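Given next are the chains, with one letter for each unit.
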Number of protein chains: 2
Amino acid sequence: MQGKALFPLFCLLIRLELANFANSKKPNRRPLTRLARTKKTEERGPFLIVRTLPQSLFVSFIMLYSAMEQKNALLRTALVQISCSDSTAANRENNVRRVTEAAAKGARLVVLQELHDTRYFCQTEDVDNFNLALPVPGEATDFYGSVAQEAGVVLVTSLFERRAAGLYHNTAVVFEADGTIAGTFRKKHIPDDPAYYEKFYFTPGDDAWRPINTSVGRLGVQVCWDQWYPEGARLMALAGADLLIYPTAIGYSADDTPEEQQRQREAWRTVQRGHAVANGLPVIAVNRTGFEPDPSGQTAGIRFWGCSFVCGPQGEILAEAGEDEEGVLMADIDLGRSEQVRRWWPFLRDRRIDRYEDLTQRYLD
Amino acid sequence: MQGKALFPLFCLLIRLELANFANSKKPNRRPLTRLARTKKTEERGPFLIVRTLPQSLFVSFIMLYSAMEQKNALLRTALVQISCSDSTAANRENNVRRVTEAAAKGARLVVLQELHDTRYFCQTEDVDNFNLALPVPGEATDFYGSVAQEAGVVLVTSLFERRAAGLYHNTAVVFEADGTIAGTFRKKHIPDDPAYYEKFYFTPGDDAWRPINTSVGRLGVQVCWDQWYPEGARLMALAGADLLIYPTAIGYSADDTPEEQQRQREAWRTVQRGHAVANGLPVIAVNRTGFEPDPSGQTAGIRFWGCSFVCGPQGEILAEAGEDEEGVLMADIDLGRSEQVRRWWPFLRDRRIDRYEDLTQRYLD
């Protein structure tokens, strides 16, 4: 698939020069026509370039323009991976400092981890933790709106939303670079397993899977547990997402062997890279790092495994953070690449929508 | 998740001995009860074992029995990766020899690659190739039924099926170890790109996604291009598949750079490992190897990339073949592992079936 970016330009030249090739040998079997045309185009391209000086200059200009276009299609992105303390003020300060650093490095899109203002409070079920929830819009969105505006970046945040008394969501809020709210996504799939008691806290989102329109693209933002579900990734792709984004909080249990821990972390990475491949879209996953004790003392706490990463539309890793380090992970994402990948592997073309109705069933027993 | 296979046995003993623990400290907060119970069960297990001699003997017996059960739960599987010639007779001989070898090594399930009786004839569109298609049941299934019976294995084959004049399918046929046909699956998603002109040959399967019941488990068999679709994997899982199986034929184009070739092969592996993770099921993928020229001479042919593999329900690679070698790849698949993996990561529990209806849409524009 490499090197085909200039293909349309060569096609243009070939059309202009078509008469010169009137005597070309015609492919004599219909089924091979498409392929024959493709091959010949590529073979004749270089020949055309040197045929005449004016055409050579024209091609040089086109190639320069194309290179500039390609550069513009690169989206400089930053993932902020931090270790959270008990202090919301300190966590915010940590995030802001890193957003500023990311902006200084040229980021146009910055993604924070899940529930980045607090420790991962779902290790226990405690009604007092509902005090951490805030309305959207409200004080927290005012704060991060200002952060986005000052840094001049599109900012993906993850907040504990109080929608009404007794109705709370785990909500990603995306800010435009001017500080306005571009859109929100309420976590759809809610986990519940020992030390991750999220069903106690979060009502499953009841909105649609809709990408959030921003100045850097249509962002298919979901949250953490959503990352395990091919359905969500596909729905975002069908709704026109340019990339898939998952703020997350996942870590090791001390009860598991090192081998099991490694399998879990690799599974987490693999399933998301799989979404990239299946949908021909880049994926951004931002995880927290550091150890957080269990306030109840009943478990040995969680060591969040970091390893935030960005992959391209073939699942290829573009950038990856370490397990235990805080930091800003930079990646240049070529948003034009999906177009090429999907042309050669057009999975959306061949979906059997006439046979997928059972996907809305719990189990086929 | 390791070492939890004996958990139910300890539970049984604990129930028998429950009265002895009447004075145990009760967990005093509801949300933590589940976790506290789990931890204590594990802590008390070893204590119980040494409490009394009769109980110790009982436990020894139970552990031995459990180990035997676990061994039985291991499904010895063989993947046959070959390079095909122009001769169907020679290809069949090659397959049979390797099925025999697999059986001698203890395989109970043997999986052949896609369209293993012929070269990959879809490199060109040629009506004469329809002569290769055979009815199911018919001569080919009689042949492979005998092979399965003689080897005493469940055998997954991949045939070019003539269903009626002008109606052909790419059909996986699964044989029980007694040689009878256990079931078939007609390829659902049909590709069409240069050198893979399958839409010309194969009508998309119109049957349901149903695993095929065999003596070694419920086999979620699909074919090649199906492997890129999370929808098919999910539907097989919802219908009760014990493992996912994909005979396939995919290779490198000489037009692509080595880097692009590597991305493609890794994407192919990743998306299938992703299905394993998303569904908590093992995956078997069997690809052909070797170079096959384009009969029309229009392209440089296909170098099939081999790399047949088996992964477990966390996407972890259990066995993997090389790119260019023919051979029998053996793997012991623990069919009991999915139960554990799905208990800890119960993705099926949390699917948002109330919000998946748009998966039957082509695009949401």
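About the thresholds
- Residues numbered from 1 in each chain as written.
- Chains lettered and ligands numbered in written order.
- Predicted model: local features only at pLDDT ≥ 70, side-chain atom pairs only at ≥ 80, totals over all residues.
- Heavy atoms only, no water.
- Contact = heavy atoms within 4.5 Å.
- Buried area = accessible area lost by both parts, 1.4 Å probe.
- Salt bridge = Lys/Arg side-chain N within 4 Å of Asp/Glu carboxyl O.
- Helix = DSSP H or I, 4+ residues; strand = E, 2+ residues; numbered from the N terminus.
- Least-squares fit on C-alpha atoms with pLDDT ≥ 70 in both.
- Expected span 1.5 Å × (residues − 1).
- Buried < 20%, exposed > 50% of the residue type's maximum accessible area, 1.4 Å probe, protein only.

A. Structural detail: the interface of chain A and chain B. Listed per partner, the contact involves 80 residues of chain A and 80 residues of chain B. Roughly 7,900 Å² is buried in total at the junction of chain A and chain B, and carbon and sulfur atoms are behind 57% of that figure. Here chain A is connected to chain B by 10 salt bridges. The closest approach of N and O atoms between Lys-199 of chain A and Asp-350 of chain B, which form a salt bridge, is 2.7 Å. Elements that contribute at least two residues to the side of chain A that touches chain B include exactly helix 2 (30-49), helix 7 (230-238), helix 8 (258-279) and helix 9 (337-344) of chain A. Ranked by the residues each element gives to the side of chain A that touches chain B, the list is headed by helix 8 of chain A, at 11 residues.

B. Quick peek at the relation of the copies chain A and chain B. Take chain A, turn it by 180°, move it 0.0 Å along the axis, and it overlays chain B with an RMSD of 0.0 Å. On the angle and the small slide along the axis, the relation comes out as a two-fold axis. Taking C-alpha positions as reference, the residue of chain A nearest the rotation axis is Gly-274 of chain A, located at 2.5 Å. Both copies share a contact surface, since 100% of the interface residues of chain A are interface residues in chain B too.

C. A look at helix 8 of chain A. Residue and element names in this part refer to chain A. Compared with an ideal rise of 1.5 Å per residue, which puts 22 residues at 32 Å, helix 8 spans 32 Å between its outermost C-alpha atoms and is within 8% of the ideal. Where burial is concerned, most of helix 8 is hidden: 18 out of the 22 residues are buried. Just downstream of helix 8, Gly-280 is the residue with a positive phi angle, here 60°.

D. Molecular detail of unusual backbone geometry. Backbone torsion omega between Val-136 of chain A and Pro-137 of chain A reads 0°, so that peptide bond is classified as cis. Of note in the backbone geometry, Ala-195 of chain A takes a positive phi value of approximately 80° without being a glycine. With respect to the helices and strands, the residue Ala-195 of chain A is situated in the loop between strand 5 (181-186) and helix 6 (198-201). Taking the relative accessible area as the measure of exposure, Ala-195 of chain A reaches 9% and is therefore buried. Residue Cys-224 of chain B is not a glycine yet carries a positive backbone phi of 45°. Counting through the fold element by element, Cys-224 of chain B comes out in the loop between strand 7 (217-221) and helix 7 (230-238).

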